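Each chain, letter by letter, is given below.
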Amino acid sequence: MSVDVSSSVGFREQPITQLLVKVATRCNIDCSYCYWFRDASVYDKPKLMSADVLNQLLLRIEQHAAKWSLVDFPITLHGGEPLLWGVENFRRLAEACDGIASRTGCDIPLAVTTNGVLVDDEWLDCFEACNISVAISLDGPAHIHDLHRRTFQGTGTHAAAERAARMLVSRNIGVSALAVCNPAYPPEQYVEFFAACGISSYDIMIPDATVDEAPPSIAAFYGGLFEQWLAANSKAANVDIRIVSDMITALLGNNSPTEGVGHKPIELCTVMTDGTVEAHDVLRIAGDGFTRTGFNIFDHAIDEVRNEPRWKAAREASINLCAKCRQCKFMNACGGGYLPHRFSRKNGYDNPSVYCDDLYAMFENMDAVLKGHLYVSKPGGERVGVGGG
Ligand code: SF4
Ligand code: SF4
């Protein structure tokens, strides 16, 4: 049985703080591990967001920013492959968001996650002029990337993604890479590849799996990645590997900025191409229709999603941990693992992560190393730890 802690974090009186906007529901490639198409209900949605839906979305964004006097309201454009929406739509959205910012005082940083295949000079001009930061999906070197990230004809997409990454790095665009961990390969192959591309900010994400699956162990991979991160940063290379910095942040007792690490509620709201509002899109991993709600931006304000049963259920599940997690010494830092990784057909989200043993080993290793690095001497020789954990 889980404990309801939602009231202690101000459930009803908080704004939605960020939006994920699905501007395209289809993709131009066919990755074998893609969660998005695990739920066939995406095919019921329009392929692209229409002008009417975009106009209504902009109206709701402005209402939301003004109502809550937000200082900022980050928006991530997503798909499918979001670049299928077209350069002109990106420019229009960015100009409209600038207008909202000037009227409300709320900054609206725009980001996009793309597979890079469509990136060309016109897109680079758009990202640079509109100050859109870009995360490119790139699973390290070709022999790892091309295992899963292929075209519909079965050929690898690495060459296109690497070309796009290098083009982005060459311009004044905030660029990061998003890789999925393949624990069969050593982490240094990813680290060396990203260094060669000139990418200093990236994430190597834990592969998606539910408790009903039996994914391979990831602890050794992430132990090695932590060593790589330590070695790179001890040379002042300033390499930011998001999962490592988030785990350290959480171990030190602070709020990690990403949703997969730490004990905190998932507050994300997803808007689909037809203006319907969904619970966290990664929960599609649970299967058909799992994220569908009865809410849409034509009939509902953005923050009304807080009253939607499926959104509420996902939000509450993100903070109400199972018995094992509540007794775990890493409960605050780990937070039970990423919500989709806690799902089972039998218990819903009332499970420790399918990666529980790995996460425990990763936090224990990191905690021991951090204690060695962060202990400082007090006068008289007594050693005191810095931070928590
Ligand atoms: S690029 Fe993204 S949306 Fe497209 S198939 Fe791959 S994982 Fe899925
Ligand atoms: S390490 Fe395991 S038991 Fe501990 S909080 Fe994470 S998932 Fe739960």
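See the structure printed just above.
Calculation rules
- Residues numbered from 1 in each chain as written.
- Chains lettered and ligands numbered in written order.
- Predicted model: local features only at pLDDT ≥ 70, side-chain atom pairs only at ≥ 80, totals over all residues.
- Heavy atoms only, no water.
- Salt bridge = Lys/Arg side-chain N within 4 Å of Asp/Glu carboxyl O.
- Helix = DSSP H or I, 4+ residues; strand = E, 2+ residues; numbered from the N terminus.
- Buried < 20%, exposed > 50% of the residue type's maximum accessible area, 1.4 Å probe, protein only.
- Axes fitted to C-alpha atoms, helices over the stretch in contact; angles between N-to-C directions.
- Parallel < 35°, antiparallel > 145°, perpendicular 65-115°, else oblique.
- Contact = heavy atoms within 4.5 Å.
- Nonpolar A, V, L, I, M, F, W, Y, C, P; charged D, E, K, R; others polar.
- Patch = residues over 30% accessible without salt bridge, like charges linked within 9 Å, V, L, I, M, F, W, Y side chains within 5 Å.
- Areas by Shrake-Rupley, 256 points an atom, 1.4 Å probe, with all protein chains shown as cover.
- Polar contact = N/O pair within 3.5 Å; in protein donor to acceptor, adjacent residues only side chain to side chain.

1. As for the pattern of salt bridges
Stage number 1. A full pass over the atoms with the stated rule returns eleven salt bridges.
Stage number 2. One salt bridge connects arginine 171 with glutamate 128, and the closest N-O pair in it is separated by 3.2 Å. A residue pair is termed long-range when its members are at least 10 positions apart, and arginine 171 in the loop between helix H5 (158-169) and strand S5 (175-180) and glutamate 128 in helix H3 (residues 121-129) qualify at 43 residues.
Stage number 3. The closest approach of N and O atoms between aspartate 367 and lysine 371, which form a salt bridge, is 3.1 Å. In this pair, aspartate 367 and lysine 371 both sit in helix H12 (residues 356-374), four residues apart, roughly one turn of the helix.
Stage number 4. Accessibility expressed as a relative area gives 11% for aspartate 367, which makes it buried.
Stage number 5. What makes lysine 371 partly exposed here is its relative accessible area of 33%.
Stage number 6. Among the ionic contacts, a cluster of salt bridges with common partners joins Asp125, Glu128 and Arg171.

2. Considering the packing of H5 against helix H6 (residues 187-197)
Stage number 1. Relative to each other, H5 and H6 sit at 50 degrees, their axes nearing to 9 Å. Comparing their axes, H6 and H5 come out oblique. From H5, His158, Glu162, Arg166 and Val169 reach across to H6, where they touch Phe193, Ala196 and Cys197.
Stage number 2. Its residues assigned to classes, the contact of H5 with H6 comprises four nonpolar, one polar and two charged.

3. Quick notes on a nonpolar patch on the surface
Stage number 1. Residues Leu48, Leu84 and Leu118 make up a contiguous nonpolar surface patch of about 210 Å² in total accessible area.
Stage number 2. Relative to the helices and strands, leucine 48 is located in the loop between strand S1 (19-22) and helix H1 (51-67).

4. Details of the side chain of threonine 157
Stage number 1. Tracing the backbone through its elements, the reader meets threonine 157 in the loop between helix H4 (142-148) and H5.
Stage number 2. Judged by its relative accessible area of 5%, threonine 157 falls in the buried class.
Stage number 3. In terms of polar contacts, threonine 157 uses its side chain to reach the side chain of histidine 145, at 2.9 Å.
Stage number 4. With residues up to four places along the chain from it excluded, the contact list for threonine 157 reads Ile29, His145, Asp146, Arg149, Arg150 and Thr151.

5. Topic: unusual backbone geometry
Stage number 1. Along the chain, glycine 79 connects to glycine 80 via a cis peptide bond; the corresponding omega equals 20 degrees.
Stage number 2. Inspection of the secondary structure puts glycine 80 in the loop between strand S2 (75-78) and helix H2 (87-104).
Stage number 3. Of note, the phi angle at serine 69 is positive, near 50 degrees, even though the residue is not glycine.
Stage number 4. Within the element layout of this structure, serine 69 appears in the loop between H1 and S2.
Stage number 5. For serine 69, a relative accessible area of 60% translates into the label exposed.
Stage number 6. Here the phi dihedral of asparagine 131 falls at roughly 55 degrees; this positive angle occurs in a residue that is not glycine.
Stage number 7. Within the secondary structure, asparagine 131 is located in the loop between H3 and strand S4 (132-137).

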